Amino acid sequence: MSVQEAIMRYYCYLLLLLAAAALATAVKGDDSEQCGVYIAESSTGHVLGSFAGKSYQKDELIGSSDAIVQAFDLRYHNSHKDDEFTVMLENFLATCWSADSNGGGNEADEVISAVGGPCFSSSGHVGMINAVIYQPATLLKTDTDLLASGFDETTSPGRGAFTLHHNLTLIAVDKITAGSEIFLDFGAEYSGYDDTTKPNIDDYRKMDQAIEKMLEFFNKHASNIGEKAADEVYQFMKNDVLDLTAEARAPAARSLLPPTYHGLKEIIDSGGSALYSYPSVVKDVDWLKNNAYCQDNLVVGVSQIEHAGRGAFAKREMKKGEVVAPIPLVALAHGRDALTMTEYLNENGEVVDSDEDGVTKKVKTQLLLNYMFEHPQSSVLFFPAGPLVPYVNHGGKEANVKMIFSTKPWSNVKEAQKLDAGSLSEVGAVDMILELVATRPIKKGEEVLLDYGESWVKAWKKHTDEWRKNMKKVTSKSAMVLNEMYHSTEKAAPFPSPSEGARGFGNENVALQCFVLYDEDKVERRRNEDGTRTKVYPWIPHPADANRLKTDIAIRSINRGGCSIVERSGDEASGYKYVVQPQRESQILVKNVPHSAIRFVDLPYKSPHHDETAFRHAIGFPDAIFPAAWKDLPDPVLDRDEL
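Predicted model only: the values in this text are computed from it and were never measured.

Rules used in this analysis
Starting from 1, residues in each chain are numbered consecutively following that chain's sequence as written. Per-residue local features are limited, in this predicted model, to residues with pLDDT of at least 70; the limit for side-chain atom pairs, both in listing and counting, is 80 or more; totals at the level of whole chains, interfaces and linings are taken over all residues. The side-chain quantities take in all heavy atoms of the structure and omit both hydrogens and water. Helix and strand assignments come from DSSP, with helices taken as H or I runs of at least 4 residues and strands as E runs of at least 2, each series counted from the N terminus. Polar contact is defined as a pair of N or O atoms within 3.5 Å, subject to the rule that within protein one atom must be able to donate a hydrogen and the other to accept it, and that residues adjacent in sequence are counted only when both atoms are side-chain atoms. We call two residues in contact whenever any of their non-hydrogen atoms come within 4.5 Å of each other. Every helix has an expected span of 1.5 Å times one less than the residues it contains. With a 1.4 Å probe rolled over the protein chains alone, any residue whose accessible area is under 20% of its type maximum counts as buried; one over 50% counts as exposed, and the rest are partly exposed. Two cysteine sulfur atoms form a disulfide, by the criterion used here, when they sit within 2.5 Å. DSSP bridges decide pairing: two strands pair if at least two such bridges lie between them. Among the buried residues, those of types Ala, Val, Leu, Ile, Met, Phe, Trp, Tyr and Cys that are joined through side-chain atoms within 4.5 Å form a nonpolar core. Angles run from 0 to 180 degrees between N-to-C directions of axes, and those axes are lines fitted to C-alpha atoms, restricted for helices to the stretch in contact. Should a side-chain nitrogen of Lys or Arg be within 4 Å of a carboxyl oxygen of Asp or Glu, the pair is scored as a salt bridge. Any pair of Phe, Tyr and Trp rings, taking the six-membered ring for Trp, is counted once the centres come within 6.5 Å. Such a pair is stacked with planes under 30 degrees apart, edge-to-face with planes over 60 apart, and tilted for the rest. Whether a charge sits over a ring comes down to the Lys NZ or Arg CZ being within 6 Å of the ring centre and within 35 degrees of the ring normal.

Among the secondary structure elements, Arg-159 is positioned in the loop between helix H6 (144-148) and strand S8 (165-172). Only 2.9 Å separates the side chain of Arg-159 from the side chain of Asp-611, close enough to count as a polar contact. Look past the residues within four positions of Arg-159 in its chain and what remains in contact with it is Glu-153, Trp-467, Val-474, Pro-608, Asp-611 and Ala-614.

In structure tokens, the structure reads:
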């Protein structure tokens, strides 16, 4: 080989390496643009379902963090309504979450969370739970981005007009392969976890382990003992052994085994007993691309619109006509009435019965109204349960998206459009889907904006004019502001010990709460000045027996409660640790509580959400697409607030 040929081969080899590197980069780039989670019809029936657009490892977050809109004491404020109204209200509430899982439970006596995205569209299956709400994301949320943007809750006309509950996120509790349906844990009562006639998630997991051991046994011994003996051994395992070991759950566990031992390998090869029993839970990713909606085209950020709070921004470039987000609709019949809160107060400001003498009537409207779609000729309101859609702000002439009805064949939208307004509360969101469509090309990182309509614009202008004219600066700080003081991502202040005084604790509208989980087996006894002893337990991040769902950690609503700080140790470099006294277990102390496990919360009815002067107005549902059958108000009303 000549020197020239050697040099040419070297350059060809180098070019191949560069081409391979470029291809790898391109593939990586394509993966980063790949939709991570889709919405389509569930494999379990004609309801919505979420599907993984890519593989997720255990403990990996799924989709984009979303908003939580709280509704306060809805049942109480509508308790005087008739049975028909109550049924319609309950149909709406059935689509919502309990606020206990996201930190909103302290806002009122009963708090219901309206959510969107995968947290709304994912189905539940007692045997195939592969994701849960990641509670630390909402319970330990910070608002550095919002407060650093210049938002001042004491002077902004946007105070109380947008939700302060955010960062709603799902986390995988098992490996989820691309195309698999995402199933959430809705709780033992909802999912029938204790039903012995059908398998639950523990049955599936335990039987998968048993099937692997059984398959190993028969692969090793079946040929030696013969077919008849092998079948007798299998039937003995399937019946007698299961009755003895699984006890009450034996029927459910037995239903996962094949008729003969020859079927064991097929179960293992299909990915386990759950996938073997329900093969349709895995969709082809190409099918999802062509037939489902992507749920992670948007990410949240601080809106560029003054006083709007947070907004939705494009995660990737969008072409004109492309679906930016699906919007499953949840109908609330007689919505305006349902979201109106009427109370009667006596001279002392106490809530009393309406028939008492000398009472004052006070009428307020739920924050939820600000997120609902409304048409002036319909009594029905619609919650847009699409991914990050509650973050899409009003853009007016700068709007870059519009709404149209879905044309997906798995959604019976056309049939729903023919129904009268009174029937809509019985229609599943799978059959009432809008598409948020780009009206022009949208750049990556650009804020997505919708035209809310003329009525909303007039109402906002009226509110801001009155706010500036009658503004009274709020002097008390909310939990959001105080948590920023003590949990700033830049430099957080330590919570003061009793000897340092109640720095920042004098606010009557907030309370201190701790996430307390302690090891009951490691108790110490501290001698007090009066000669008595107090039990002291060490704080732990995980329960000792956490083995079903690995997200069973200390930072959960179930472990949150009022507390007082007794001592502080450590410093900024090593991290602050505290000794706290839980209010619900005042006879004990818990030591080594980390700084991050202590938070402020707004007391009931004291957060900005309950501000009586806060802006309230629904988003306009465009008349051009609103079905005629859904109009149940006889005369057009330009601005219902004037009625």
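Read on for the rest.
Moving on, we come to helix H9 (residues 227-245). If you check H9, its first and last C-alpha atoms are 25 Å apart, about what 19 residues at 1.5 Å a residue would give, namely 27 Å. Ala-230, Tyr-234, Lys-238 and Leu-242 are the residues of H9 that are buried. Next to the buried residues of H9 lie helix H8 (201-225), helix H10 (250-254) and helix H11 (264-269). Downstream of H9 by one or two residues, Glu-247 has phi in the positive range, about 55°.

Each disulfide is one covalent bond, formed between the sulfur atoms of two cysteines. Here the structure, examined in full by the defined rule, presents two disulfides. The disulfide partner of Cys-35 is Cys-294, and the S-S distance across this bridge is 2.2 Å. Linking Cys-35 and Cys-294, the disulfide has an S-S dihedral of approximately 105° and is accordingly described as right-handed. In this pair, Cys-35 is assigned in the loop between helix H1 (3-33) and strand S1 (37-41) and Cys-294 in strand S10 (residues 293-294), connecting sequence segments 259 residues apart. We classify Cys-35 as buried; its relative accessible area is 6%.

Turning to the sheet that holds strand S15 (residues 351-352), a few remarks are in order. The strand order across the open sheet formed by three strands is S15-S14-S16, and the pairing between neighbours is antiparallel. Each edge of the sheet is formed by a strand with only one pairing partner; in this case those strands are S15 and strand S16 (360-365). Pairing analysis gives six bridges linking strand S14 (residues 340-345) to S16, with the strands arranged antiparallel. Within S16, the residue paired with Thr-342 across the bridge is Val-363.

Grouped together as the largest cluster of nonpolar side chains are 60 residues, with contacts concentrated most on Leu-48, Ile-62, Phe-92, Leu-339, Leu-368, Met-372 and Phe-383. The contacts of Leu-339, once residues within four sequence positions are left out, are Leu-74, Leu-332, Lys-364, Thr-365, Gln-366, Leu-368, Leu-369, Met-372 and Leu-381. Core analysis: the second largest hydrophobic core is formed by 43 residues, Tyr-391, Phe-405, Ile-625 and Phe-626 among them.

The buried fraction of S8 is high, at seven of eight residues. For strand S3 (residues 61-72) and S8, the ladder comprises four bridges, and the chain directions are antiparallel. Within the sheet, the bridge partner assigned to Asp-66 lies in S8 and is Leu-168. Both strand S7 (residues 131-133) and S8 contribute to a ladder of three bridges, which runs antiparallel. Among the inter-strand pairings, Ile-133 is bridged to a residue of S8, identified as Leu-170.

A few words now on the environment of Gly-386. Within the element layout of this structure, Gly-386 appears in the loop between strand S18 (381-384) and strand S19 (393-394). Sequence separation between Gly-386 and Lys-228 is 158 residues; the distance between their C-alpha atoms is 57 Å. Ignoring sequence-local partners within four residues, the contact set of Gly-386 consists of Asp-66, Gly-116, Gly-117, Pro-326, Ile-327 and Pro-328.

What the seven strands build is an open sheet, ordered S24-S25-S28-S27-S26-S23-S29; its pairing is mixed. Edge positions in the open sheet fall to strand S24 (524-527) and strand S29 (598-602), since each of these has one partner strand only. Sheet twist, expressed as the mean angle between neighbouring strand axes with direction ignored, is 45°. Examined bridge by bridge, strand S27 (residues 577-582) and strand S28 (residues 588-594) share three bridges and lie antiparallel to one another.

What follows is about the pattern of salt bridges. Taken as a whole, this structure holds 22 salt bridges when the rule is applied. The partner of Lys-591 in a salt bridge is Glu-524, with the nearest N and O atoms 2.4 Å apart. With a gap of 67 residues between them, Lys-591 in strand S28 and Glu-524 in strand S24 connect regions that are remote in the sequence. For Lys-591, a relative accessible area of 21% corresponds to the partly exposed category. Judged by its relative accessible area of 41%, Glu-524 falls in the partly exposed class. Through salt bridges with shared partners, one network takes in Arg-75, Glu-90 and Glu-110.

This brings us to the packing of aromatic side chains. Think of a pair of aromatic rings as described by two things: how far the centres are apart, and how the planes are tilted against each other in angle. On inspection of all chains with the given rule, the structure shows 22 aromatic pairs. Plain terms: the ring middles of Phe-373 and Phe-621 are 6.1 Å apart, the flat faces sit at 80° to each other, and that makes the pair edge-to-face. Remark: Phe-621 occurs in the segment after strand S30 (619-620) and Phe-373 occurs in strand S17 (residues 373-374); sequence separation between them is 248 residues. Given the relative accessible area of 2%, Phe-373 is considered buried. Ring centres of Phe-495 and Phe-600 lie 6.0 Å apart, and the angle between their planes is 50°; on these two criteria the pair is classed as tilted. Of this pair, Phe-495 sits in the loop between helix H17 (479-487) and strand S23 (510-515) while Phe-600 sits in strand S29, and the two are 105 residues apart along the sequence. Like Phe-495, the residue Phe-600 is buried in the burial classification. In textbook terms, an aromatic cluster arises when at least three aromatic residues are bridged by ring pairs, as seen for Phe-373, Phe-382, Phe-405, Phe-621, Phe-626 and Trp-630. Over the face of the ring belonging to Phe-85 we find Lys-81, whose NZ or CZ atom lies 4.2 Å from the ring centre. The aromatic ring of Trp-287 is capped on one face by Lys-283, whose charged end is 5.2 Å from the ring centroid.

With five of its six residues buried, S23 lies for the most part within the structure. Across three bridges, S23 lies against strand S26 (residues 560-569) in antiparallel orientation. Opposite Gln-513, over in S26, you have Gly-562 as the bridge partner.

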